[in-house]
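Spelled out from the first residue to the last, the chains are:
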Amino acid sequence: MYSIWKQMTEKENNLLAIFEDRMYELIRLYDEKKHRIEDLEKSLKEKEEIIWQNKQTIEALQAKYTNLHTACRLAENEVEFQNARKRVDKLVREVEICIALLNE
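All of these numbers come straight from a predicted model, not from anything done at the bench.

Trainee: Describe in detail the overall build of the chain, supporting the description with residues and values.
Mentor: The secondary structure content of the chain amounts to 2 helices and 0 strands. Taking 13 Å as the expected radius of gyration for a compact globule of 104 residues, we find that the chain reaches 44 Å, considerably beyond that expectation. Across its three principal axes, the chain shows a C-alpha extent of roughly 145 × 20 × 10 Å. Counting across all 104 residues of the chain, residues that qualify as buried make up 0%. Within the structure as shown, the chain displays about 10300 Å² of accessible surface, and the carbon and sulfur contribution to it stands at 60%.

Trainee: Let's hear about the pattern of salt bridges: which residues, and what values?
Mentor: Oppositely charged side chains can form a pair if their charged atoms are brought close together. Here the structure, examined in full by the defined rule, presents 2 salt bridges. Between Glu25 and Arg28 there is a salt bridge, with the nearest N and O atoms lying 2.5 Å from each other. Remark: Arg28 and Glu25 occur in helix 2 (residues 10-103); sequence separation between them is 3 residues, near one turn of the helix. Residue class for Glu25 comes out partly exposed when judged on its relative accessible area of 36%. Note that Arg28 is salt-bridged to Glu32, the shortest N-O span being 2.9 Å.

Trainee: So, the environment of Asp31: which residues are in play, and what are the values?
Mentor: Within the fold, Asp31 resides in helix 2. Looking at Asp31, the relative accessible area reads 34%, which means it is partly exposed. A sequence separation of 34 residues divides Asp31 from Tyr65, and the C-alpha atoms of the two residues are 51 Å apart.

Trainee: An account of the environment of Ile99 is needed here, citing residue identities and associated values.
Mentor: Position of Ile99 among the secondary structure elements: in helix 2. The sequence separation of Ile99 and Leu61 amounts to 38 residues, and the corresponding C-alpha distance is 56 Å.

Trainee: How would you summarise a nonpolar patch on the surface if you had to cite specific residues and measurements?
Mentor: Nonpolar side chains collect at one region of the surface, where Phe19, Met23, Tyr24, Leu26 and Ile27 lie side by side and expose about 540 Å² of accessible area between them. Along the polypeptide, Tyr24 turns up in helix 2.

Definitions and limits used
- Residues numbered from 1 in each chain as written.
- Predicted model: local features only at pLDDT ≥ 70, side-chain atom pairs only at ≥ 80, totals over all residues.
- Heavy atoms only, no water.
- Helix = DSSP H or I, 4+ residues; strand = E, 2+ residues; numbered from the N terminus.
- Rg over C-alpha atoms; globule rule 2.2 N^0.38 Å.
- Buried < 20%, exposed > 50% of the residue type's maximum accessible area, 1.4 Å probe, protein only.
- Areas by Shrake-Rupley, 256 points an atom, 1.4 Å probe, with all protein chains shown as cover.
- Salt bridge = Lys/Arg side-chain N within 4 Å of Asp/Glu carboxyl O.
- Patch = residues over 30% accessible without salt bridge, like charges linked within 9 Å, V, L, I, M, F, W, Y side chains within 5 Å.

As structure tokens, this is what we get:
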């Protein structure tokens, strides 16, 4: 094997050196890209967690909105009911007054 290395020409040695340099550069780029992918995957997981939390918040707020909307409608109906009851009570009193006047 030693004799093979000894027989290599200077041009072949230069080509081998270039090949080694490029191979090391390729390995370096691979490691760099691998770390970048790991960072992006971590960031993606964090963003997915934030999205999930925001969806939960949206669902909770929608439920609160629905409850509030229902409560407001009930309150409006309660106010209308109270007003109607007052009007009916007033009419009943007026009818009673009229009946009392007729009985005199």
